[in-house]
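# Examination of the molecular architecture
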Amino acid sequence: MSSATSHIFVVWAPDDEAPGTFEKRMSVREEHAARAKSDPTVRLAGPMLSPESVTGGERKLVGSMFLIEAATLEEVREKMEQDVYWKAGVWDKSKLTILPYLPSLGTTKVV
């Protein structure tokens with residue numbers, strides 16, 4: 001990470017809706033998780049579920065969410081583009097959303 005002022009960014013990376021995406025996700029999941037766990041700029045991360053997953057319907061993964069500490073949005077985008085989910089086509093690249101986030105409650109603080 002650069003020495004410039006750090007910010008927190010929220011990343012929403014929805015899964016591609018093409019057939020076989022779930023299988024792609026599972027085939028590279030360990031690599032994806034290991035990389036995220038070893039990256040100190042990743043403050044929080046995990047899969048997103050469909051609304052039906054918590055209302056008694058089928059549990060379905062629909063994407064990934066991250067809170068990432070970085071100096072710029074471009075730095076975060078580069079990080080996402082190096083992720084195995086990006087490279088393997090798990091995420092819908094056209095729908096990747098990265099926004100600055102201003103934590104006001106909880107324990108996610110820029111240090």
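Higher on the page you've got the structure.
Everything in this summary refers to the structure shown in the same document. As a convention, each chain's residues are numbered from 1 in the sequence order in which they are written. Reporting of local features is limited, given that this is a predicted model, to residues whose pLDDT is at least 70; pairs of side-chain atoms are given and counted only at 80 or more, and all residues count toward the totals for whole chains, interfaces and linings. The side-chain figures draw on all heavy atoms in the structure; neither hydrogens nor water molecules are used.

## Quick word on the pattern of salt bridges
Pairing between side chains of opposite charge can happen when their charged atoms approach one another. How we decide: Salt bridges are defined by distance alone: a side-chain nitrogen of Lys or Arg within 4 Å of a carboxyl oxygen of Asp or Glu. Helix and strand definitions follow DSSP, with helices as H or I runs of at least four residues and strands as E runs of at least two, each counted in order from the N terminus. Each residue is placed in one exposure class: buried if its accessible area under a 1.4 Å probe, protein chains only, is under 20% of its type's maximum, exposed if it is over 50%, and partly exposed if it falls in between.
Within this structure, the stated rule accounts for seven salt bridges. With a closest N to O distance of 3.8 Å, Arg 35 and Asp 83 form a salt bridge. Here Asp 83 lies in the loop between helix 2 (73-81) and helix 3 (84-88) and Arg 35 lies in helix 1 (residues 21-38), a separation of 48 residues in the sequence. The class of Asp 83 is buried, set by a relative accessible area of 2%. Lys 95 is the salt-bridge partner of Asp 92, the closest N and O atoms lying 3.9 Å from each other.

## Describing the sheet that holds strand 4 (residues 97-101)
Spelled out, the test is: Pairing between two strands is assigned when DSSP locates at least 2 bridges connecting them. Working convention: axes come from line fits to C-alpha atoms, limited for helices to the stretch in contact. Angles between N-to-C directions cover 0 to 180 degrees. Contacts are assigned to residue pairs with any non-hydrogen atoms lying within 4.5 Å of each other.
In spatial order, the strands read 2-3-1-4; together these four strands make up an open sheet with antiparallel pairing. Of all the strands in the sheet, just strand 2 (42-49) and strand 4 have a single pairing partner and so form its edges. The mean angle between the axes of side-by-side strands here comes to 20°, regardless of whether they run parallel or antiparallel. The pairing of strand 2 with strand 3 (residues 61-70) spans seven bridges and is classified as antiparallel. Considered in strand 3, the bridge of Met 48 is made with Gly 63. Packed onto the sheet, helix 1 meets strand 2 and strand 3 and runs at close to 20° relative to strand 3. Running at roughly 135° to strand 3, helix 2 makes contact with strand 1 (7-14), strand 3 and strand 4 of the sheet.

## Some points on the side chain of Asp 39
With respect to the element layout, Asp 39 can be found in the loop between helix 1 and strand 2. Overall, Asp 39 belongs to the buried group, its relative accessible area being 14%.

## Concerning the packing of aromatic side chains
Heads up, the rule is: Only centres within 6.5 Å qualify two rings of Phe, Tyr or Trp (six-membered ring in Trp) as a pair; their planes then separate them into stacked at under 30 degrees, edge-to-face at over 60, and tilted for everything else.
Scanning the model with the defined rule gives two aromatic pairs in all. Ring geometry for Phe 66 versus Trp 91: centroids 6.0 Å apart, planes at 90°, classification edge-to-face. Remark: Trp 91 occurs in the loop between helix 3 and strand 4 and Phe 66 occurs in strand 3; sequence separation between them is 25 residues. The same class applies to Phe 66 and to Trp 91, which are both buried. A ring pair is formed by Tyr 85 and Trp 91, whose centres lie 5.6 Å apart and whose planes are at 85°; its orientation type is edge-to-face. Here Tyr 85 matches Trp 91 in class, with each residue buried.

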